[in-house]
Structures are given as C-alpha cells and as structure tokens.
Amino acid sequence: MLTESVLLSIWATNFDPTDYGVFQTVFGMIFTVLIALEFKRSLLVVAERRDSVVQVRSVILIALLAVVRKLIILDLSSTEAFHLLALAAAILALGAVYWLVRDQGQPREIIAGERLHD
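Everything numeric in this text was worked out from a predicted model, so none of it was measured.

### Side note on the overall build of the protein
And then number 1: When you go through the protein residue by residue, the secondary structure sums to four helices and two strands.
And then number 2: Starting at the N terminus and ending at the C terminus, the protein contains elements arranged as α-α-α-α-β-β.
And then number 3: The buried share of the protein, taken over its 118 residues, is 19%.
And then number 4: Within the protein, counting contacts between residues at least 6 apart in sequence, those at least 24 apart form 57% of the total.
And then number 5: As displayed, the protein has an accessible area near 9000 Å², and 66% of this comes from carbon and sulfur atoms.

Encoded structure:
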C-alpha cells in the first residue's frame, strides 16, 4: 500500500531527477518505505517467536534509518549548523550502539580469529 502510493505520487508529478526538491522528496519516500519494511519485519519476528522482547538491533536500525532520512530531506540552506551537528551526533551514537550489539543473539564461535573451546 505504501509502496503503491509512493510510486503513484512519483508518476503523477513531473519526475525530474535533476531538481533538488524532487530528489529530496523521492529519497524521503524511499526511506519511508524502508523504515516501514524494517518495522514490519521486526513485528513479524516478535510475533513469530511468541515473545514480547523486541531485538535491540531492529530498534536501533529503524532509528538510524529515520535519522538518515531526516538528514537527506533536510533543506541545508535554512538549517542551522547546530542542528546538523545534533543529527551527526545522533547518527554516530546510533552507529556505535548498533556496532556494540551487532552479535546479540548469535553464538560466538570465533573471537579475534581464534576458536573458543568449551
């Protein structure tokens, strides 16, 4: 449904990829679809496991996609430098947390190239 509405709105407008406003709008729509798909996947994973625990990686990934979407559709000519700094800090913080929990829920067999022995 969301993908269909994005494609219809692109088709209905005069799609000119060289126009910066159109480019921002299209990428904003694409990222909205990606965020919705990731959110749907995380809900399906929770429903499939019959567990109420949502994986931290999925939540962080959705938040990272939302911040990157905001950065892409942002009008840089009317944005203060402090706002850009805050978005950059949010991206770095979410990236660091995602890196820290990247192996969550997966068996650890190899650390630094060596196999663990039980």
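### Some words on the side chain of serine 42
And then number 1: Inspection of the secondary structure puts serine 42 in helix α2 (residues 20-49).
And then number 2: Engagement of the side chain of serine 42 in a polar contact is seen with the backbone oxygen of phenylalanine 39, the distance being 2.8 Å.
And then number 3: Not counting chain neighbours up to four residues away, the residues in contact with serine 42 comprise Ser58 and Ile62.

Rules behind the numbers
- Residues numbered from 1 in each chain as written.
- Predicted model: local features only at pLDDT ≥ 70, side-chain atom pairs only at ≥ 80, totals over all residues.
- Heavy atoms only, no water.
- Helix = DSSP H or I, 4+ residues; strand = E, 2+ residues; numbered from the N terminus.
- Buried < 20%, exposed > 50% of the residue type's maximum accessible area, 1.4 Å probe, protein only.
- Contact = heavy atoms within 4.5 Å.
- Areas by Shrake-Rupley, 256 points an atom, 1.4 Å probe, with all protein chains shown as cover.
- Polar contact = N/O pair within 3.5 Å; in protein donor to acceptor, adjacent residues only side chain to side chain.

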